[in-house]
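In case you want the letters, here they are:
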Amino acid sequence: MSMNAWQLYRHPRVLVMLFLGFSAGLPFLLVFSTLSAWLADVDVDRASIGYFSWVGIMFSIKVFWAPVVDRLKLPLLTRWLGQRRSWLVVAQIGIAVSLLLMGTTQPVGNLALFAQLALLVAFFSATQDICIDAYRIDSAADEFQGAMAATYIFGYRVAMLMAGAGSFYIADMDSWGTAYLIMAVLMGVGLITTFIVDEPDTPPRDDFGKSPAQWINNALVRPFADFFGRYGQYALMLLALVAVYRISDITMGVMANPFYLDIGYTKNEIATVAKFFGFFMTIVGSIVGGLAVSRFGLMRPLLVGAVAVMLTNLLFAVMATYTPVSPLVGEPEAVRWFSLAWLAAVISADNLSGGFANVALIAFMSSLTNRAFSATQYALFSSLMTLPGKFIGGFSGEVVKGAGYTVFFNYAAVMGIPAIVLVMMMMRRKKKLRQAAAREEAGSSL
């Protein structure tokens, strides 16, 4: 099927991902930085705030219940809405109710209950991610996946602005509880979308089986056996690429905001340039990435994205070495404007490359899945995508403390080399990988 590149973004399946992306992005910050701000604002002990970050582990272990979401039929709901939409409705209602309860609960004096509610939001949010990823993969051919990933990211980023900056504005005018209540109501965007869209055409799924052995085989063994069976000796290389592709990006991101502050930018300048301006640059990068995948396929955009992310980390190293920012009071206005222009340039490059690379990676991971096991297999990829970067990023503060920002950003850039090498190796084996992917339908039976 051939169509104009921009027509991709007008396709109904592509447009739907804008609203589902908003639904996925809205709860994310509400259990991370926005939640930390609420707790800090009411003087919750800083150690306790740190422990709250552990609720995020739900997003990294969702692969363990993805097989249930993939195959278990919900009474009445599945018959009415279908496999994907029935689980989406349950997850979205779960998020909304949990946020409503958080909005009516005061953290001080109820910290344990508050933590449990935050954990529920994270659990239902991770479950929603499983459903949306599976819906996206099941509902359209590979040529649409880049554009669908781009519109998904756009909706996701808009929701993050709402849950981040929007929540701060609401809390400043009223209260944090009111902010969370409004966010709960906004989950209606995703819920309405789920009721409106059609269930994707997917292969019929059998039940889990009549015995524990059959359950384990159908839900856990077969999805992974299918992947390794289709890609054979290249399976581990593909998983390695997924695991290392975003290490450079995630590692650098941990210390970005402290870096801006340490070299003299104000919080207002960071918010304006890094958050709002950076948001639009990410969207542009995502759109260009979607068009590139549609025009050139997967491997070349993957390579361009990996190289671009590595090079932008080197820009941060240059900024750390030759920063034009001075923390001294009374700095000339012209110098300050130049400082902001330099920050905007680096932020533009970073967010453009990050948006481009993320779309290419999402489209690549989508292409690896068998639609008979889409939820389970994609959950494996998306969990693997972030875990190494998060683990290595935990040591970023030690690197900065011991060697400084210049060394750290060079170190983060070097972490991008394995992804570049693996993509180049994949490009050399492109024909064999195509043959493996073509065995998806013939080699898998339900």
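Our structure is the block above this text.
Remember, it's a predicted structure, so these values are computed and weren't measured experimentally.

Scoring rules and cut-offs
Residues numbered from 1 in each chain as written. Predicted model: local features only at pLDDT ≥ 70, side-chain atom pairs only at ≥ 80, totals over all residues. Heavy atoms only, no water. Helix = DSSP H or I, 4+ residues; strand = E, 2+ residues; numbered from the N terminus. Contact = heavy atoms within 4.5 Å. 1 Å grid on protein atoms, 1.4 Å probe; cavity = no way out; pocket = protein on both sides within 12 Å on 5 of 7 lines; lining within 4 Å. Points joined across faces, edges and corners; volume = space filled by probe spheres on them. Nonpolar A, V, L, I, M, F, W, Y, C, P; charged D, E, K, R; others polar. Buried < 20%, exposed > 50% of the residue type's maximum accessible area, 1.4 Å probe, protein only. Arc of directions from axis to C-beta. Polar contact = N/O pair within 3.5 Å; in protein donor to acceptor, adjacent residues only side chain to side chain. Core = buried A, V, L, I, M, F, W, Y, C linked by side-chain atoms within 4.5 Å. Axes fitted to C-alpha atoms, helices over the stretch in contact; angles between N-to-C directions. Parallel < 35°, antiparallel > 145°, perpendicular 65-115°, else oblique. Left-handed = near helix turned anticlockwise from the far one by under 90°. Phe/Tyr/Trp six-rings, centres within 6.5 Å; stacked < 30°, edge-to-face > 60°.

Q: Sorry, what's going on with the overall build of the chain here?
A: Along the chain, the regular secondary structure elements total 23 helices and zero strands. In the chain, the share of contacts with a sequence separation of at least 24, taken over all contacts with a separation of at least 6, comes to 83%.

Q: Would you mind showing me how to read empty space enclosed by the protein here?
A: With the rule as written, the count across this model stands at one cavity of 30 Å³ or more. Taken as a whole, the largest cavity spans an internal volume of roughly 40 Å³. In this structure, the largest cavity is lined by Tyr245, Arg246, Asp249, Val309, Gly354, Ala357 and Asn358. In terms of residue count, the dominant contributor to the lining of the largest cavity is helix α18 (residues 333-368) (three residues). Here the lining of the largest cavity is built from residues that sort into three nonpolar, two polar and two charged.

Q: Help me understand helix α11 (residues 188-196), please; the structure alone is not making it clear to me.
A: For an α-helix the count is 3.6 residues per turn, leaving residues at separations of three or four pointing the same way. Of all the positions in α11, only Gly190, Thr193 and Thr194 are classed as buried. For α11, the arc enclosing every buried residue in end-on projection is 100 degrees, short of the 170-degree limit, so these residues lie on one face. Of the residues in α11, the exposed ones pointing more than 90 degrees away from the buried face are Ile192 and Ile196. Check the buried side of α11 and you find it contacts α1 (12-30) and α7 (83-103).

Q: What is the right way to look at the side chain of Thr105 in this model?
A: Among the secondary structure elements, Thr105 is positioned in the loop between α7 and α8 (111-139). Classification of Thr105 as buried rests on a relative accessible area of 10%. Of the polar contacts made by the side chain of Thr105, one reaches the backbone oxygen of Leu101; its length is 2.6 Å. When near neighbours in sequence (up to four residues on either side) are disregarded, Thr105 contacts Trp38, Asn110, Leu113, Phe114 and Leu117.

Q: Help me understand the nonpolar core in this model?
A: Buried together is how nonpolar side chains tend to be arranged in soluble globular proteins. In this structure, Leu99, Met102, Tyr245 and Phe364 are the most contacted members of the largest nonpolar core, which totals 105 residues. Those residues within four positions of Phe364 in sequence are excluded, and the remaining contacts are Leu238, Leu241, Val242, Leu298, Met299 and Leu302. In terms of nonpolar packing, the next biggest core, distinct from the first, is built from 22 residues, Tyr260, Leu343, Ala344 and Val346 among them.

Q: Hey, could you run me through helix α13 (residues 235-244) in this one?
A: In terms of burial, α13 is largely enclosed, as eight of its 10 residues are buried. For α13, the full list of buried residues reads Ala235, Met237, Leu238, Leu239, Leu241, Val242, Ala243 and Val244.

Q: Sorry, what's going on with unusual backbone geometry here?
A: Phi is mostly negative for residues that are not glycine, and the peptide bonds are mostly trans. In this model, Asp43 sits at a positive phi of 65 degrees, which is unusual for a non-glycine residue. Within the fold, Asp43 resides in the loop between α2 (33-41) and α3 (46-52). Accessibility expressed as a relative area gives 65% for Asp43, which makes it exposed. A positive phi angle, near 70 degrees, is found at Leu76, a position not held by glycine. Here Leu76 is to be found in the loop between α5 (66-71) and α6 (77-81).

Q: Could you clarify how one ought to interpret the packing of helix α17 (residues 299-321) against helix α21 (residues 405-414) in this entry?
A: Helix packing for two helices is described by the angle between their axes and how far apart those axes are. Remark: α17 packs on α21, axes separated minimally by 8 Å, with the N-to-C direction vectors making an angle of 175 degrees. Judged by the angle between their axes, α17 and α21 are roughly antiparallel. Counted together, Met310, Asn313, Leu314, Phe316, Ala317, Ala320 and Thr321 of α17 and Tyr405, Thr406, Phe409, Asn410, Ala412 and Ala413 of α21 form the full contact between these two elements. Split by residue class, the contact of α17 with α21 holds nine nonpolar, four polar and no charged.

Q: Honestly, the environment of Ile196 in this entry has me stumped. Any pointers?
A: Position of Ile196 among the secondary structure elements: in helix α11. Looking at Ile196, the relative accessible area reads 64%, which means it is exposed. Sequence-wise, Ile196 and Val16 are 180 residues apart; in three dimensions their C-alpha atoms are separated by 9.6 Å.

Q: Explanation requested: the packing of α7 against helix α10 (residues 176-186) in the structure shown.
A: Contact pair α7 / α10: the axes reach a minimum separation of 8 Å and the direction vectors enclose 165 degrees. Considering their axes alone, α7 and α10 lie roughly antiparallel with respect to each other. Between α7 and α10 lies a crossing of left-handed hand. Taken together, the residues of α10 that come into contact with α7 (itself represented by Ala96, Leu99, Leu100, Met102 and Gly103) are Gly177, Tyr180, Leu181, Met183 and Ala184. Classifying every residue of the contact of α7 with α10 by side-chain character gives eight nonpolar, two polar and no charged.

Q: Quick question: what am I supposed to make of the packing of aromatic side chains here?
A: What describes a pair of aromatic rings is the distance from one ring centre to the other and the angle between the planes of the rings. Counted under the stated rule, the structure contains 16 aromatic pairs. Connected via pairs of aromatic rings, a cluster forms that spans Phe316, Tyr405, Phe408, Phe409 and Tyr411.

Q: Would you mind going over the environment of Phe64 with me for this structure?
A: In this fold, Phe64 is placed in the loop between α4 (57-60) and α5. For Phe64, a relative accessible area of 63% translates into the label exposed. Sequence separation between Phe64 and Leu220 is 156 residues; the distance between their C-alpha atoms is 8.9 Å.

Q: Quick question: what am I supposed to make of the side chain of Asn313 here?
A: Inspection of the secondary structure assignment puts Asn313 in helix α17. Leaving out residues up to four positions away in the same chain, Asn313 has contacts with Ser248, Met252, Phe409, Ala412 and Ala413.

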